[in-house]
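Structural overview
The residues making up each chain are set out below.
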4 protein chains.
Amino acid sequence: MIIIAKSKESAQHIAEMLDHQNPIKPVFVHDNRVALAGVKTLSETELHEVKSEIVEIITNHHSAIKSSRDFHPEDTIIKTPHSVIGGQHFTLMAGPDSIESPAHVEAMGKAVKAAGATVLRGGAFKPRTSPYSFQGNGEAGLKAHRAAADALEMDMVTEILDTRDVDLVDSYTDIFQVGTRNMQNFALLKALGKKQKPVVLKRGMSATIDDLLNAAEYIAAGGNDQIILMERGIRTYDNKYTRNTLDVSAIPVLQSLTHYPIVADASHAAGVSKFVTPLALAAVAAGAQGLMTEIHDDPAHAFVDGAQALTPDEFKLLADKIRQIREAIK
Amino acid sequence: MIIIAKSKESAQHIAEMLDHQNPIKPVFVHDNRVALAGVKTLSETELHEVKSEIVEIITNHHSAIKSSRDFHPEDTIIKTPHSVIGGQHFTLMAGPDSIESPAHVEAMGKAVKAAGATVLRGGAFKPRTSPYSFQGNGEAGLKAHRAAADALEMDMVTEILDTRDVDLVDSYTDIFQVGTRNMQNFALLKALGKKQKPVVLKRGMSATIDDLLNAAEYIAAGGNDQIILMERGIRTYDNKYTRNTLDVSAIPVLQSLTHYPIVADASHAAGVSKFVTPLALAAVAAGAQGLMTEIHDDPAHAFVDGAQALTPDEFKLLADKIRQIREAIK
Amino acid sequence: MIIIAKSKESAQHIAEMLDHQNPIKPVFVHDNRVALAGVKTLSETELHEVKSEIVEIITNHHSAIKSSRDFHPEDTIIKTPHSVIGGQHFTLMAGPDSIESPAHVEAMGKAVKAAGATVLRGGAFKPRTSPYSFQGNGEAGLKAHRAAADALEMDMVTEILDTRDVDLVDSYTDIFQVGTRNMQNFALLKALGKKQKPVVLKRGMSATIDDLLNAAEYIAAGGNDQIILMERGIRTYDNKYTRNTLDVSAIPVLQSLTHYPIVADASHAAGVSKFVTPLALAAVAAGAQGLMTEIHDDPAHAFVDGAQALTPDEFKLLADKIRQIREAIK
Amino acid sequence: MIIIAKSKESAQHIAEMLDHQNPIKPVFVHDNRVALAGVKTLSETELHEVKSEIVEIITNHHSAIKSSRDFHPEDTIIKTPHSVIGGQHFTLMAGPDSIESPAHVEAMGKAVKAAGATVLRGGAFKPRTSPYSFQGNGEAGLKAHRAAADALEMDMVTEILDTRDVDLVDSYTDIFQVGTRNMQNFALLKALGKKQKPVVLKRGMSATIDDLLNAAEYIAAGGNDQIILMERGIRTYDNKYTRNTLDVSAIPVLQSLTHYPIVADASHAAGVSKFVTPLALAAVAAGAQGLMTEIHDDPAHAFVDGAQALTPDEFKLLADKIRQIREAIK
């Protein structure tokens, strides 16, 4: 249940009053709105106590209530040391798929920063389909990534795979990333809900819009509202020419349902570099508030996923077109 | 097998020479290229006769050979009385879902023409999921549609459902449309292959890229090369918030494989008018060479699919943004 | 709206009374039940006239009303010259994919009859993905098929692709078959609705259960209630090891919703002969009332789909196991 | 690369010889077979040293080599205190979805044991779509589950969600279960690879057969070969009448590719109790070597997923039919 109260103070009062009635289910307050998780009706006594302070009671809301626009109508804006994410802002996140060496990540960072990126991506822990594929450089990768981000005055975003690594990764990164395969790793989401750092949450390979919102809610319920949702292509019956199917409709649909920033990853959607640019532009035209892209100066020798990496030059061209499309759809 | 010959004349000669060897499988010639359907190797005798005229033999091609860029490298450009479709051109096709009355289709046509559309869409034969839903106004609809298109100097495009109606529809329309449910109605495709009029072929609900190219080939094999392929959203596991999932990646993928114009239908993909504009812009940003959109001045009372229709004003705004995006991605 | 009346006579009376009120939407009567297509409520006048004859009014029914168990609670049993299909009966339909020659279809028919099949399948018009693949032997195929069926005292079932061929095919076959690609070829379904012969309707590649029931309703609405629904595998994201994904759950789900016989085609689902038997047994264990299987005595040289054909010996073993499973699930 | 050696001793010798050549990629030996992860060719020197001991070199194998029948041709048989799983054995695993109370799990265990189950299932940590749904009773649940299993002389299987809980769960359970949402939680799979206890690995919601085999390989690569693969329904475009689509073809397909036991969960596939029995029977007829089913004596008041639970009586009937089908398909 979401209650729209007459004022901030009323909302606070209603929340306190209802909190002790229901020791298990959490109560959230945002501005003049109160969200009661899992509650469908108020008792007569409860209603009697609070009705003079209420404007409207919404009951047909999504189970992901903190994530809902009904609870939080205005866009969430996330501020990191070097970026502002969400609302009318557009954020470029780019970098190599995996951190290969200190020099390489810095060179890639330099290239993407020159094109307008403010967030440097890179993987130290890699979720690979086969246990025999390169699994990432681990803490050495985190260190190199951090050093490059510091040197370039960029934000660092990196993937976290294991609840046992949360503090380690936290000691390096600016932004956590939860990958497709862990979108419903609820233990990990809960652990990140206890951190006060932004989390990029990638949509699962066959996650519905509702699944994604509920996964975000696991983070939000823990107290962390700095969530960025990422569309990265879904699994469909056709995967001969692209790795996944970029679901551009998810972008405006999510924006209508939630206040969190919605960004896109065209690299994993395409899986082939020649299709990354048109897919990225499509995502931007559909309203994405940011884009994550993999780049590599020597794709043929990339440690991971070279086939889908843009070269620094291709990325620069893409960034220019993105700016023009952003202008066009204003 | 596709053979690149040294000249047009060589190609012609090779085709004639190989034709009689293989009485069943067709041989096609385009410029200096020869396509041999279903042929993997030449006999030694054949090779001996033609090898001096050959530049290259391509064998790893798609089974849809006339549709392939290997056979026909340059974009196909289709000219109708009022439109040029394909290549660097962009074509707006719009109108009501179904032809409701002579006055209505003309009013809708006037509105979309003012916004830049040159093709007036509208259905007289409607493929409805239930037999008890409105099935279209039939020939009366065709007549009203033709009259409006003539009055407005626009092209008419309308759907054909039955091989028995091919001549009837042909006597009215400028462009045939084959719908999603009939993409593999091979009898219908063969019948349209005998006509010398453009055909808009919509991708089937779960058709792969290869299925779509092979369906186009049924038309092309009959002798009709005026084919326009349309991405209109595919069926995936998630259909709560949109009717289908617009597969924007199909646009650049198809453009890399075939020379036919690729257009998009954002209305059926979205299923809800508020998502039509972002999806349409995404398709254009991904490179679509045209867009088909449903409009209605009173969506709540449309005979069919009102929920996904844009109003004339919304369509005008969309058309303006499309022009800007076209400029941005040049 | 489905009305349960107090008696057959009441149902007839209600139907006549309501029929003239609604000249467009059809009214159907079965036993003591009346179905009003597309009607949600009765007017007060109508209700007044008929309420004394009514037991119950059902409004939350499926749009496919003639196909619904709410309208027709008992199983439909279809009688052909040599088979009884539906209810507690189990029908084996088998034969070659395509009719290759008179001698071949007769030899295959002999083999499957010996194993218990009463319906001889075979294609004269083949819906092939590519226009350059073998398209079937046409009327010559129909003739050979008919001759074999007559000689063996079996029923003939064959696929129909084109509305223009309905009378031709009708002049040969006992049972029409509508293939996956034509499940929503509504013109064809309407044409078959005018015939008084059983129709096997195969589920479309990505048809929902509701789509299939509505497609059946196109046939039923025309007056032909001899419908057999066939699950044959759907298209999913995984098609590396099998051609399609046999949706066994469709069998009990359909049986709960409709009264028509539900049969399965394990050959097209598997696409590989070694998986046909386990899938066929699964379908039978799930309650299928019949099975269609492709057989060939020389699969490597079959004109079409040899990879998925069982040999006559494999078919005999399968038929034996089916009988045991039918016994087990009684 | 998989090498078939002339003898056990040869295999051992080849493995030792090749091991030091490749310090990163693991080498596995089973009987007379050697698997070299990620190796495509032997160097000339290597080949020279070992060729006299080799029968055959297989290179076109799956990346999941320990899981492959090419490496381990005979079925893996897993022995737990009260069950033998795999090969020609059939194992019934049943119990409540979540552990509700000590008395309840024991009562349910008693009922399923009477029907032939040897493994008692039950969840103490529940992966729920929403953070506000009941998350399981945690360690108290494990304790009650263990006590019931001990009292009834059954095996205990329970789901593990978090790498940090591996030792805790290990101290109670006989068999670990990895759920659908964690099939590619590689950190968890690696942790379980270090344990010497069976793991039931459920197929991910949109996992391909290859994804599932590679996930199993994460466990196997760590040294734990006691793996049981579970088909539990995949996500497709149609989910109106069932929760998921049971992919029965996965059962024979997996059995042809891997030596691990393949079991099915019809409860989560169906999502509705009335369809559990036909789906379970279908899985058994397709060759499943075991079945996991949820039961509840009062489904309407189950803490989790009551809608899909069988009652003890329904389970008994199912178990009887399963025995008959096992007999039929022998």
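Computed from a prediction, not measured in an experiment: that's the story for all the values here.

**Regarding the overall build of chain A**
Each helix and strand counted, chain A has eleven helices and 14 strands in total. Whereas a compact globule of 330 residues would reach a radius of gyration of roughly 20 Å, chain A reaches 21 Å, a difference of no more than 12%. Seen along its three principal axes, the alpha-carbon backbone of chain A occupies a region of about 70 × 45 × 40 Å. In chain A, once contacts between residues fewer than 6 apart in sequence are set aside, the share between residues at least 24 apart is 69%. Carbon and sulfur atoms provide 51% of the accessible area of chain A, an area that totals close to 11400 Å².

**Considerations on the interface of chain D and chain B**
Between chain D and chain B, the residue contacts involve four residues of the former and four residues of the latter. Taking both partners together, chain D and chain B bury about 310 Å²; carbon and sulfur atoms supply 61% of that area. Among the residues chain D hides against chain B, the three largest losses belong to Arg235, Tyr237 and Asn239 of chain D. Together they make up 91% of the total. At the boundary of chain D and chain B, one finds zero salt bridges. Taken together, the residues that form the side of chain D that touches chain B break down as one nonpolar, two polar and one charged.

**Quick notes on the relation of the copies chain D and chain B**
It takes a turn of 180° to lay chain D on chain B, together with a shift of 0.0 Å along the axis; the resulting RMSD is 0.0 Å. Within this description, the copies of the chain are treated as partners about a two-fold rotation axis. Relative to the rotation axis, the C-alpha of Tyr237 of chain D is the closest in chain D, positioned 2.0 Å from it. An overlap of 100% is found between the interface residues of chain D and their copies at the interface of chain B, pointing to a shared contact surface.

**Focus: the UniProt feature "domain: DAHP synthetase I/KDSA" (unreviewed entry) in chain A**
Within this numbering scheme, the UniProt entry marks residues 84-329 of chain A as carrying the feature "domain: DAHP synthetase I/KDSA" (unreviewed entry). In residues 84-329 of chain A, the share of helix is 40% and the share of strand is 15%. The end C-alpha atoms are 20 Å apart.

**Some remarks on the relation of the copies chain A and chain B**
For the pair chain A and chain B, the best superposition has an RMSD of 0.0 Å and corresponds to a rotation of 180° with a translation of 0.0 Å parallel to the axis. Comparing interface residues between copies, 100% of those in chain A also lie at the interface in chain B; the contact surface is shared.

**Quick word on the environment of Phe186 of chain C**
Mapped onto the elements of the fold, Phe186 of chain C is located in helix H6 (residues 186-193). Using a relative accessible area of 5% as the deciding quantity, one classes Phe186 of chain C as buried. C-alpha separation for the pair Phe186 of chain C and Thr163 of chain C, spaced 23 residues apart in sequence, amounts to 9.9 Å. Setting aside residues no more than four positions away along its own chain, Phe186 of chain C makes contact with Pro127, Arg128, Thr129 and Arg181 of chain B together with Tyr218 of chain C.

**Considerations on unusual backbone geometry**
You will see that Asp305 of chain A, though not glycine, has its phi angle at about 55°, which is positive. Tracing the backbone through its elements, the reader meets Asp305 of chain A in the loop between strand S14 (290-294) and helix H11 (312-329).

**Digging into the interface of chain A and chain B**
Between chain A and chain B, the residue contacts involve 40 residues of the former and 40 residues of the latter. At the boundary of chain A with chain B, total buried surface from both sides reaches about 3000 Å², with 68% on carbon and sulfur atoms. Together, Tyr237, Tyr241 and Ala328 of chain A form the three largest contributors to the area buried by chain A at its contact with chain B, with a combined 21%. Of the charged contacts, one joins Arg203 of chain B and Asp238 of chain A as a salt bridge, the two residues approaching to 3.3 Å between their closest N and O atoms. At the surface where chain A touches chain B, the tally comes to ten residue pairs in polar contact (both at pLDDT 80 or more). Elements with a minimum of two residues in the side of chain A that touches chain B: helix H7 (209-221), helix H8 (250-257), helix H10 (273-285) and H11 of chain A. It is H10 of chain A that provides the largest number of residues to the side of chain A that touches chain B, a total of seven residues. Split by residue class, the side of chain A that touches chain B holds 21 nonpolar, ten polar and nine charged.

**Side note on the confidence of the model for chain A**
Averaged over every residue, the pLDDT of chain A is 95; residues scoring 70 or more account for 98%. Complex prediction metrics read pTM 0.97 and ipTM 0.96.

**Brief notes about the sheet that holds strand S3 (residues 33-36) of chain B**
All names here are of chain B. Taken in spatial order, the four strands make up an open sheet running S2-S3-S1-S4, and their pairing is antiparallel. Every interior strand has two partners, whereas the edge strands, strand S2 (27-30) and strand S4 (54-58), have only one. Neighbour-to-neighbour, the strand axes of the sheet open up by a mean angle of 20°, direction not taken into account. As defined by bridge partners, S2 adjoins S3 across four bridges and the pair is classed as antiparallel. Following the sheet pairing, His30 is matched in S3 by Arg33.

**A look at H11 of chain A**
An ideal rise of 1.5 Å per residue puts 26 Å on 18 residues; H11 of chain A measures up with 26 Å between its terminal C-alpha atoms. Those residues of H11 of chain A lying buried are Phe315, Leu318, Ala319, Ile322, Ile325, Arg326, Ala328 and Ile329 of chain A. Buried-residue contacts for H11 of chain A involve strand S7 (91-95), helix H3 (102-114), H10 and S14 of chain A together with helix H10 (273-285) and helix H11 (312-329) of chain B.

Quick notes on the rules
- Residues numbered from 1 in each chain as written.
- Chains lettered and ligands numbered in written order.
- Predicted model: local features only at pLDDT ≥ 70, side-chain atom pairs only at ≥ 80, totals over all residues.
- Heavy atoms only, no water.
- Helix = DSSP H or I, 4+ residues; strand = E, 2+ residues; numbered from the N terminus.
- Rg over C-alpha atoms; globule rule 2.2 N^0.38 Å.
- Contact = heavy atoms within 4.5 Å.
- Areas by Shrake-Rupley, 256 points an atom, 1.4 Å probe, with all protein chains shown as cover.
- Buried area = accessible area lost by both parts, 1.4 Å probe.
- Salt bridge = Lys/Arg side-chain N within 4 Å of Asp/Glu carboxyl O.
- Nonpolar A, V, L, I, M, F, W, Y, C, P; charged D, E, K, R; others polar.
- Least-squares fit on C-alpha atoms with pLDDT ≥ 70 in both.
- UniProt positions renumbered as here; feature names shortened; annotations may be inferred.
- Buried < 20%, exposed > 50% of the residue type's maximum accessible area, 1.4 Å probe, protein only.
- Polar contact = N/O pair within 3.5 Å; in protein donor to acceptor, adjacent residues only side chain to side chain.
- pLDDT = per-residue confidence, 0-100.
- Pairing = 2+ DSSP bridges.
- Axes fitted to C-alpha atoms, helices over the stretch in contact; angles between N-to-C directions.
- Expected span 1.5 Å × (residues − 1).

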